[in-house]
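# Observations on the three-dimensional arrangement
Given next are the chains, with one letter for each unit.
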Amino acid sequence: MPEPREEHAEPSNVWLRPQRSRRGEPPVTSERIVEVAVEILDGGGLGSLTMRRVAEQLGVVAPSLYWHVKTKDDIIDLAVDHVFAETDAPTGAQPDGWRACIEAIAVAWRATLVEHPWVAPVAASRPSFGPSYLDQLELVMSTLLRAGLTGAELSAAMWTLHNLIFGSASTEATLNITDHDREVGQALLQQNADRYPTLAGHRYLDDDDWLGDFTRGLAYFLDGLELRIRTRPDLTSSPRTPPGGERP
């Protein structure tokens, strides 16, 4: 007797499910749903978004949204990709080489995440499969591959870069400290300079050069990658050819 066929659960991510036919589509479009969702999310964060609120701002009833999306998470996933589509990042390899390309993408991503602080928590909880995000991620990974990183080194470089960008943007967007608290906190460090000599001496709490700290940290990271690529015996020759592809 044949084994019963296993039923596969429908993917939870909107980008992994087949798109519905547009035939007979109602007046509200998925594009307008996403635009309104981004406005709501930018104004109040993830907790402010509900299906009802999106529908109200569109001037429709909530069930109208279900033609395009199944859940609020669907809207969020679509909104994330919408935001990355507007990122001022390069769309192809840069003439100045792999490092310039990675720098440009990193700075552009961080600027986008600071402008839309709700994106970083989403990315930390589940992957994005939207085409705009994947196009840019493909460019990052292929650029590092052409530079000479493969296997575990490539994976480590990707995740370290991801954490550097998303961590910097998330911290800037969520850190809540007033000028008064900063002043009082720094005074506390000064009063206890014998215990915290470095924190007091370098005025730790006065540092709020977010972008400057990020670009310097990014440079340190890329310096390390560059040194790794240049000094490894098996990477001193021309970059490795990707499987099934031609050397650039």
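Here the residue numbers are simple positions, counted from 1 along each chain's written sequence. Local features in a predicted model are, by the rule used here, given only for residues with pLDDT of at least 70; side-chain atom pairs are given and counted only at 80 or more, and totals for whole chains, interfaces and linings are based on all residues. Just so you know, side-chain values use all the structure's heavy atoms and leave hydrogens and water out.

### Looking at the overall build of the protein chain
How we decide: Helix and strand definitions follow DSSP, with helices as H or I runs of at least four residues and strands as E runs of at least two, each counted in order from the N terminus. Only protein chains enter the calculation, and the probe is 1.4 Å; a residue is then buried if its accessible area is under 20% of its type maximum, exposed if over 50%, and partly exposed in between. Contacts were defined at the residue level, with two residues in contact if any of their heavy atoms lie within 4.5 Å.
Across its full length, the protein chain carries 10 helices and 0 strands. Along the protein chain, from the amino end to the carboxyl end, the secondary structure elements read α-α-α-α-α-α-α-α-α-α. Residues counted as buried form 35% of the 248 residues belonging to the protein chain. Once local pairs closer than 6 in sequence are excluded, the contacts in the protein chain between residues at least 24 apart make up 67%.

### Digging into the environment of T143
Counting through the fold element by element, T143 comes out in helix α6 (residues 131-147). Here T143 falls in the buried class, since its relative accessible area comes to 3%. It is 9.1 Å that separates the C-alpha atoms of T143 and G92, two residues lying 51 residues apart in sequence. In this structure, T143 is in contact with W98, C101 and I102, ignoring residues within four places of it in sequence.

### Here we look at a negative patch on the surface
As a reminder, the rule being used: Two joining distances apply to patches: 9 Å for like charges and 5 Å for nonpolar side chains (Val, Leu, Ile, Met, Phe, Trp, Tyr), and every residue must have over 30% relative accessible area and no salt bridge. For the accessible areas, the method is Shrake-Rupley and the probe is 1.4 Å, while residue cover comes only from the protein chains on display. Salt bridge criterion: a side-chain nitrogen from Lys or Arg within 4 Å of a carboxyl oxygen from Asp or Glu. When charges are counted, neither His nor the chain ends are considered; positive counts come from Lys and Arg and negative counts from Asp and Glu. Each charge is placed at NZ for Lys, CZ for Arg, CG for Asp and CD for Glu.
A grouping of E39, D42, E86 and E115 is seen on the molecular surface, where their side chains present a negatively charged patch. Relative to the helices and strands, E39 resides in helix α1 (residues 30-44).

### Observations regarding the environment of L188
Relative to the helices and strands, L188 is located in helix α8 (residues 179-191). Considering only alpha carbons, one finds L188 and A200, 12 residues apart in sequence, at a separation of 8.7 Å.

### Notes on the UniProt feature "DNA-binding region" (unreviewed entry) in the protein chain
Put simply, the rule is: UniProt positions are given in the numbering used here, feature names are shortened, and annotations may be inferred rather than shown by experiment.
Under the feature "DNA-binding region" (unreviewed entry), the UniProt entry names residues 50-69. Here residues 50-69 runs as 40% helix and 0% strand, with 13 Å between its end C-alpha atoms.

### Describing the pattern of salt bridges
Any two side chains of opposite charge can pair, on the condition that their charged atoms come close. Overall, the coordinates contain 11 salt bridges when judged by the stated rule. Across the salt bridge formed by R216 and D213, the nearest N and O atoms sit 3.0 Å from each other. Here R216 pairs with D213, and both are found in helix α10 (residues 210-231), just 3 residues apart, close to one helical turn. Among the charged side chains, a salt-bridge network with shared partners connects R99, E103, D223 and E226.

### Here's the deal with the nonpolar core
Most often, soluble globular proteins have nonpolar side chains that are buried together. Rules: Side-chain atoms within 4.5 Å are what join buried Ala, Val, Leu, Ile, Met, Phe, Trp, Tyr and Cys residues into a set we call a nonpolar core.
If you look at the biggest cluster of nonpolar residues, it comprises 55 residues, and the most contacted ones within it are V54, W118 and L144. Breaking this core down by element, the ones donating at least two residues are α1, α2 (51-58), α3 (72-85), α4 (98-115), α5 (119-125), α6, α7 (151-174) and α10. For this core, the element with the most residues is α4, which contributes 8 residues. Setting aside its immediate chain neighbours within four residues, L144 contacts W98, I102, L149, L154, A157, M158 and L225.

### Thoughts on the confidence of the model for the protein chain
Here is the rule: Confidence scores labelled pLDDT are given residue by residue by the predictor and lie between 0 and 100.
Averaged over all residues, the pLDDT of the protein chain is 86; the fraction at 70 or higher stands at 85%. Element-level pLDDT for the protein chain is lowest in α5, with a mean of 89, against a maximum mean of 96 in α1. For residues 235-248, every residue scores under 50 in pLDDT, and the model assigns this stretch 18 contacts once sequence neighbours within four places are set aside.

### What about empty space enclosed by the protein?
So the rule is basically this: The pocket and cavity definitions rest on a 1 Å grid over protein atoms only: a 1.4 Å probe that fits but cannot leave marks a cavity, an open set with protein on both sides within 12 Å along at least five of seven lines marks a pocket, and residues lining either have an atom within 4 Å of a point. Grid points are joined across faces, edges and corners, and a volume is the space filled by probe spheres set on the points.
Within this structure, the stated rule accounts for 1 cavity of 30 Å³ or more. When its volume is computed, the largest cavity comes out at roughly 30 Å³. Taken together, D77, V80, V122, A123, R126, P127 and S128 make up the lining of the largest cavity. Among the elements of the structure, α3 and α5 are those that each provide at least two residues to the lining of the largest cavity.

### Describing α2
What counts is decided by this rule: Comment: arc refers to directions from the helix axis out to C-beta atoms.
Taken residue by residue, α2 has M51, V54, A55 and L58 as its buried positions. One side of α2 holds all its buried residues, which, seen down the axis, span an arc of 95 degrees. The exposed set on the far side of α2, more than 90 degrees from its buried face, consists of R52 and E56. Immediately downstream of α2, the backbone of G59 shows phi near 75 degrees, a positive value.

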